[in-house]
Amino acid sequence: MSQEKLVEIKNLKQHFKTGRHSVVKAVDGLNFDIFKGETFGLVGESGCGKSTTGRTIIRLYDATDGEVIFNGENVHGKKNREDLKKFNREMQMIFQDPYASLNPRMKVEDIIAEGMDIHGLANNDKERKAKVHELLETVGLNKEHANRYPHEFSGGQRQRIGIARALAVDPSFIIADEPISALDVSIQAQVVNLLKKLQHEKGLTYLFIAHDLSMVKYISDRIGVMYFGKLVEVADADDLYNHPIHPYTQSLLSAIPLPDPDYERSRERFTYNPNNHDTSEEPEFREVRPGHWVLCTSKEFDFYKKEHATTK
Amino acid sequence: MEKLLEVNNMHVSFDTYGGEVKAVRGVTFDLKKGETLAIVGESGSGKSVTTKALMQLIPKPPGRIKEGEILFEGRDLTKMSEKQMQKIRGKEMAMIFQDPMTSLNPTMKVGNQIMEGLIKHQKMDRAQARKRVVELLELVGIPDPESRLKQYPHQFSGGMRQRVVVAIALACNPKLLIADEPTTALDVTIQAQILELMKDIQKKTDSATIFITHDLGVVANVADRVAVMYAGKIVEIGTVDDIFYNPKHPYTWGLLGSMPSLDSADEELYAIPGSPPDLLDPPKGDAFAPRNEYAMQIDLEQEPPMFKVSETHYAATWLLHENAPNMEPPASIKKRMEGMAKSSSSSEKGDRI
């Protein structure tokens, strides 16, 4: 895989005012890069800010502070219409709830083609139709579905429509915010296989946000773990699962039930106690193993290095 | 062990404008004291309807239990009046619902909600009930119960609310606890806590549990036995080891194969193609046949009976018939079976029952 950076997130902050004096720091100083053609998984418990991160990157929210650099250009800050349009074409989103994210009063054809209309990608009606039909087939539906309304589809089919809509403007980067958590297990596998296939064929880059850790492990090349608005650990998917370093990651991994009764009988769960951290200084993001970054203080860093740097 | 619950050939249908929806089409199982049975299947497979029928919570009309009997300690629940059922519900059998956000009354203090059952069923006075509520909240691990019971549901987090729901269900020491996706709305760490809590309480009280979920990881964690439902029927039932290490039904293969294991490399997930059938008009023959790559001609014509694989393990698929060809299950399933080769004394074929 090329190590060319597609997206760089620098000190991204998203604070919400919830009252005159109270501020919720949903995302508080994130730094990470997403390489071209990879899938970056973002995991964490509800309320940790992973969805807010996705929405801030794509400018559904204006960031409080920080930069998102896409292909070398900052996407936040003042932009004119043209720039915004160009950027919107490059970056698309797939939403969690396939029931709420499709307009019930629009036909599938118009839902999928809306982006094409905005960006003027189809010259005439015939071309537009042909493109929609092609997209429907790409995502495993057929062209007869174009004239139907969203309520006529099952959850898995709707999620496919959402994927087709995202693909309509030929993006290079897709943010998938819990795209499978509303679906049944067998349908989840269908959608995940589809996402993987599309990535192969079109060279897409994904930011995959989810709380189902086994699925994230399966689909991602690298994974970031979030806790209370901060990234606590970033590593290659295998490395993260085999050598979790931050105690929060360890506790999260130890809590996943696996479909294996023997393993379940012997599983031991750790609980994470945030008070056990060294508080002598502000923790920073440090590289403990090659490509494996952990949020820690310098004291903890030395400890982690001793514990984990050499183990295979 | 003694049988607490016996369900025999239960059919549940809903009369709609479009016709009769046969949501449950002949379900038979039993449950012993202190045992946990997990029911798994896709949405629409009838698992929730089955348990609602046990509690007699199916709205009638449009729903009706067309056929079959539900024997709870020998008494047939289908023949009971609503008044008799009210004495059983909450007292001898209790339910934990999926969504802790909607299953509590937002206008009632948490303590009063837990007390309701105690006052009604156990004829306690308020002071006694209050004492018991404090005990229950402690049991489910809510800190500072004395002040917490005066609070409203919105002052609790999701995990804490689900603990309150568990406390309500446990209030009258039910013999049977039905948990309908009790952890689906929760985060993994909270889920792990709730599951540990439920197992712990079950050990203490020796109650039986029916656990509905579509998360096979959770099943492996809590269940003694597993029933796999598809299109309103149980297609395979057995101990947790039977189902996870020696599955016989192609649908069970599909379910197990569609979950990535943490050590699975880049191979494609085994996805069951298509979507579940419309129960307004269930297909002829085996309902799973149209999605089943192992389907044979007979699957399209005749519904398979239950075949006995071992004393504890039954599956409804023609593949177990003595004349059926030997089919190779998908690679990921074979890997599972090999892991358990030591205990697989059962043969390839089953006995028809």
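Residues numbered from 1 in each chain as written. Chains lettered and ligands numbered in written order. Predicted model: local features only at pLDDT ≥ 70, side-chain atom pairs only at ≥ 80, totals over all residues. Heavy atoms only, no water.

Undergrad: Can you break down the pattern of salt bridges residue by residue, with the values?
TA: The final tally for this structure, using the stated rule, is 34 salt bridges over all chains. When the shortest N-O distance is used, the salt bridge between B:Asp76 and B:Lys79 registers 2.9 Å. Classification of B:Lys79 by relative accessible area gives exposed; the value is 66%. Through salt bridges with shared partners, one network takes in A:Glu109, A:Asp110, A:Asp117 and A:Arg128. (Salt bridge = Lys/Arg side-chain N within 4 Å of Asp/Glu carboxyl O. Buried < 20%, exposed > 50% of the residue type's maximum accessible area, 1.4 Å probe, protein only.)

Undergrad: Which residues make up the UniProt feature "domain: ABC transporter" (unreviewed entry) in chain A, and what are the values?
TA: Those residues carrying the UniProt feature "domain: ABC transporter" (unreviewed entry) are residues 7–253 of chain A in this numbering. Taken as a whole, residues 7–253 of chain A contains 38% helix and 26% strand, while its terminal C-alpha atoms sit 27 Å from one another. (UniProt positions renumbered as here; feature names shortened; annotations may be inferred. Helix = DSSP H or I, 4+ residues; strand = E, 2+ residues; numbered from the N terminus.)

Undergrad: Please give an account of the pairing of strand β1 (residues 5–17) of chain A that cites residues and values.
TA: All names here are of chain A. Here β1 runs beside strand β2 (residues 23–35); their pairing, made up of ten bridges, is antiparallel. If you follow leucine 12 over to β2, its bridge partner there is leucine 30. Hairpin connection of β1 to β2: five residues between the antiparallel strands. Examined bridge by bridge, β1 and strand β4 (residues 65–70) share five bridges and lie antiparallel to one another. If you follow lysine 13 over to β4, its bridge partner there is aspartate 65. (Pairing = 2+ DSSP bridges.)

Undergrad: How would you sum up the sheet that holds strand β10 (residues 233–239) of chain B? Please name residues and give values.
TA: All names here are of chain B. Strand order in the open sheet formed by nine strands is β6-β7-β8-β3-β9-β10-β12-β11-β13, with mixed pairing between adjacent strands. On the outer flanks of this sheet lie β6 (93–96) and β13 (351–352), each paired with one strand and no other. Where β6 meets strand β7 (residues 176–180), four bridges bridge the pair, whose relative direction is parallel. Across the sheet, residue methionine 93 finds its bridge partner in β7, namely leucine 176. On top of the sheet, helix α6 (residues 158–170) reaches β6 and β7; it is set at about 170° to β6, its chief contact. This element, helix α7 (residues 188–205), spans β3 (36–40), β6, β7 and β8 (208–212) of the sheet and lies at about 155° to β8. (Contact = heavy atoms within 4.5 Å. Axes fitted to C-alpha atoms, helices over the stretch in contact; angles between N-to-C directions.)

Undergrad: Let's hear about the confidence of the model for chain B: which residues, and what values?
TA: Residues and elements named next belong to chain B. In this model, chain B carries an average pLDDT of 85, and 94% of its residues clear a pLDDT of 70 or more. Of the regions scoring below 50 in pLDDT, residues 342–346 engages in two contacts with residues more than four places distant in sequence or in other chains. Taken together, the chains of this predicted complex give a pTM of 0.83 and an interface ipTM of 0.76. (pLDDT = per-residue confidence, 0-100.)

Undergrad: An account of the pairing of strand β1 (residues 3–16) of chain B is needed here, citing residue identities and associated values.
TA: Residue and element names in this part refer to chain B. Sheet analysis places β1 next to strand β2 (residues 19–32), joined by eleven bridges and oriented antiparallel. For aspartate 15, the partnering residue across the bridge sits in β2 and is glutamate 20. Joining the antiparallel neighbours β1 and β2 is a turn of two residues.

Undergrad: Hey, could you go over the nonpolar core for me, with residue numbers and the actual values?
TA: Among the nonpolar cores identified, the biggest contains 73 residues, and B:Ile96, B:Ile114, B:Phe211, B:Val226, B:Val228, B:Phe244 and B:Tyr251 are the most heavily contacted of them. Non-local contacts of B:Phe244, meaning those with residues more than four positions away in its chain, are made with A:Pro259, A:Asp260, A:Pro261, B:Leu216, B:Val219, B:Ala220, B:Val226, B:Leu256 and B:Arg336. Of all hydrophobic cores here, the second largest spans 61 residues; its members include A:Val43, A:Ile161, A:Ala189 and A:Tyr227. (Core = buried A, V, L, I, M, F, W, Y, C linked by side-chain atoms within 4.5 Å.)

Undergrad: Quick one: what's the story with the sheet that holds β1(A), residue by residue and with numbers?
TA: All names here are of chain A. On the basis of which strands lie adjacent, the open sheet formed by four strands has the order β2-β1-β4-β5 and antiparallel pairing. Both edges of this open sheet fall to β2 and β5 (73–74), since each of them pairs with a single strand only. Most of the contacts of helix α1 (residues 50–57) go to β1, to which it runs at about 115°, and overall it touches β1, β2 and β4.

Undergrad: Give me the lowdown on helix α3 (residues 110–121) of chain B, citing residues and values where you can.
TA: What α3(B) keeps buried is the set B:Val110, B:Gly111, B:Gln113, B:Ile114, B:Met115, B:Leu118 and B:His121. Close packing links the buried residues of α3(B) with α2 (82–88), α4 (126–139), α5 (145–148) and α6 of chain B.

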